Structures are given as C-alpha cells and as structure tokens.
Amino acid sequence: MSGIGRRAVLAGLAATALPRPALAQGARGRVAVIGGGFGGATAARVLHRAGLDVTLVEPAETYWACPFSNEVIAGLRPMSAQAFGYEGLRASGVTIARTSAEAVDGAARQVRLADGRTLDYDRLILSPGIALRFDALPGYDAAAAETMPHAWKAGAQTELLAQKLAALPEGGTVVLSVPGNPYRCPPGPYERASLIAYYLKAHKPRAKLIVLDAKDTFSKQKLFEQAWKALYPGLLEYVPLAAGGQVTAVDPAAMTVATDFETYKADLACIIPPQRAAPIATQAGVADRSGWCPIDPVTFESRLVPRIHVIGDAAIAGAMPKSAFAANAQGKVCAEAVTDLLAGRTPAAPKLINTCYSLVAPGYGISVAGVYHPDKGVLADVEGAGGTSPVDAPDTVRQQEATYAEDWYRTITSAVFG
C-alpha cells in the first residue's frame, strides 16, 4: 500500500470512530436492531452509548464468527475460538430480546417477534446477514449441504467440512465451487482454497484441489496466484469462468460437480452457492428484485421503506464489500445517522473503511484496504486511498500481515462482543 493510501485509510479510521458525546444531545426515541452479528451488535452498542432506548433482537446465545473459520477447516484453529456470547453487550446495558423477528410492519413501525411480543420503534436497523439461494443451483439444497458442505455460515457446517477434509482419502480430489458476485466475503473462497491446499500438502500430499469459479477476476488475485504458484504447485488447479469454471449442477449421491464443459468427480465437494439478503429483509419490503437491499449511502436508510436502515452483508453498499470489517464500520455510521435523525439533525456524509486480511498459509498473510464515501447515490472508492499488499514483498512482510490479521480479529471481536 502506498504512503498516500495509508494516510487516507487513517483518515477513514477517524471518520468511523464511535460517536462524539455531542451527537447524543437531543436524541430521543426507540430503536430496534435485528441481527446480532458484527453490524447489528456494533450499532446497538453505539446507540446505547448515545443514550437511546435500543433493543437488539437476536435468537442465538452464541455468535459464530466467519472470519478465521477457514483456519478451523484446515485444522489450524479450534472452533471454540469462533464463539462469542452476548454477556458483554448485556453488561453494558443493551437490552437483548433473545428471539427471532418474524415480521416487520414498516407502516405501523412494529416488529412482530417469535415469542408473541411486538416491538415498537421509531427507527429500525436491519442487520440480518445472508440467505443461501438453494434454488439457484440444480441439485443443491439443505440436505445436499450435509454431503457437500458450504460452510459459508460459521458453525456446524464449518465443523462438518473440517471433518470431511480430515477423512479425505490420500490421493483424493477436493472440488471447491465459487459463486458469481455479489456474495459474502469476496476473498473468502480463495483463502479457503489456500488453507485447504496447505492442509493437503501437509497431510495428504498426493491429493488434489480443483477450484471452479464463476468469475474470471477476484479480490487480491495477483497475490493469491503468486502464493499458489510458490506454495502449492501441482496441487491446486484454478478454473476460471472463461475456462468453464461456472458450476451448473451438482449430484450429491454421485459426488459430481458439473459445468458446461466438464463433470468433475469429487471425494469431497465444498459448494458455496449464490446468496441474497436474509428472508426478513424481503418480508420487510427492503430487498429489491436482486435479493439485496438498496440504501442511502449517508444514513443506510432503505430506499424502499422509510425509517428502516439496512447494514452489513444484506445491503447494496456500492464499492464497499460484504465483510465483517465493513459491517462494523457501517454499524457505527448508521447508528450515528439514526442518532442525528432522531435529534432532528442532518447526518454528515461519512467516510468508511474496510480492511480484509487473508491467510494463504500459517505465517503468510495478504491484505486489501479501501476507503469509501457517498458519491452519486452510492458508496464509491475514495480515489488514491487503500490498496493491496505489495506483490513481491519479502517473507517478513507476509509474516507481519499474518500477525496483523490475528491482532485485527482480537480487536474487532473484543470491541463488538467483549
């Protein structure tokens, strides 16, 4: 990353800091937050600190974090390291309704909860995450995912894929499918491919990994491909869209993965299907025909239903990718905007940042960073800001980035859940 880029990222960091005490003055109202992930939990914290009446609706007692879950699959990390409770949020004073949101009535400003209660709100923040589009890939559904795990929502699927990888016969073939854009965590499939290749190299060196991609280009591509060439020659085969990489159907019984050009026989298949915003977004009327949620880039207020804001993976956030770091930044900015709106103030145009680390092997990290601002109705890149790791960096830089990745994970999970 250039010096200019780093300075711009630092400027973005300051812009996404927690709200200043002055912002809370005059704000009154009830805010409901649906979804206790990186976006929703962050927004709830900021709103509570601003003195607002906030209720976080989250049915799970444990949140399983997706960042670093690829290390669990490769046997480099225990699953317990991905688990976070809500005790810290409760202790800070945030009200948590441990139930699901069944329906949102935008006209009445009410949320109907699964436990029979209704929750009135002046502003609603939706941070519902993704749903897997099982209808988008012939042969793949929830039952098929037990044979061909997606592991794209951390938890039982993560452990299932790890178990199947450990049980892979020596000399076996792993097939990993990558969907077209947009989807959660754009570099995630390529980190997964890297760490599965690392596992195979260490434990089953005669095995092979085939990556079938519905795209020709992807995040941090030069860095990944350079690392694959150096670390996993002959073990990892990458098939882009142009070479017939788009998966068109799967057959879990036969353990085959089909494209327009070829059918691959797998001993283990990891199928990451197309995605969309979680169902509550569609029910609330904030998702458009794409399946995702258009928002105002200053306030994250829905362009379809007033007084409902959408953050995190479910939102159409322009150039800003769907990531935990992005959801965290959006949670802060959205909460500040909601506080301003409830106080009768006009929210200022924000700057947001996203930094994403990927591990290619233990002690080998790479990263990409971006800074975004509202421009022509969307979140656009701030020109000259951000960038990726140097392509020809020495091993010491890769080691440093792996350390930074661990530090980032500890910092953000502590800030959100701790």
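Data block above holds the structure.
Here the structure is a predicted model, which means the values were calculated and not measured.

Asker: Help me understand the sheet that holds strand β11 (residues 173–178) in this model?
Answerer: In a beta sheet, neighbouring strands pair by backbone hydrogen bonds and run either parallel or antiparallel. Here four strands make up an open sheet; going across it, the order is β13-β12-β11-β17 and the pairing parallel. Unpaired on one side and paired on the other, β13 (236–239) and β17 (268–271) mark the two borders of the sheet. Here the strands of the sheet are splayed against their neighbours by 15° on average, with no regard to which way each runs. In terms of strand pairing, β11 meets β17 through four bridges, oriented parallel.

Asker: Is there a simple way to explain helix α8 (residues 221–231) in this structure?
Answerer: Given 3.6 residues to a turn, an α-helix orients residues that are three or four positions apart in the same direction. Listed as buried for α8 are Gln221, Leu223, Phe224, Ala227 and Trp228. An end-on view of α8 places all buried positions within 165° of arc, on one side of the element. Turned more than 90 degrees away from the buried face of α8, the exposed residues are Lys222, Lys229 and Ala230. Where the residues of α8 are buried, they touch α7 (188–203), β13, β22 (352–361), β23 (364–375), β25 (387–388) and α11 (395–417).

Asker: What am I meant to see in helix α3 (residues 38–49) here?
Answerer: Taking 1.5 Å per residue, twelve residues should reach 16 Å; α3 reaches 17 Å between its end C-alpha atoms and fits that length. When you tally the buried positions in α3, you get ten out of twelve residues, the bulk of the element. Taken together, the buried positions of α3 are occupied by Phe38, Gly39, Gly40, Ala41, Thr42, Ala43, Ala44, Arg45, Val46 and Leu47. One or two positions beyond α3, positive phi appears at Gly51, with a value near 85°.

Rules and cut-offs
Residues numbered from 1 in each chain as written. Predicted model: local features only at pLDDT ≥ 70, side-chain atom pairs only at ≥ 80, totals over all residues. Heavy atoms only, no water. Pairing = 2+ DSSP bridges. Helix = DSSP H or I, 4+ residues; strand = E, 2+ residues; numbered from the N terminus. Axes fitted to C-alpha atoms, helices over the stretch in contact; angles between N-to-C directions. Buried < 20%, exposed > 50% of the residue type's maximum accessible area, 1.4 Å probe, protein only. Arc of directions from axis to C-beta. Contact = heavy atoms within 4.5 Å. Expected span 1.5 Å × (residues − 1).

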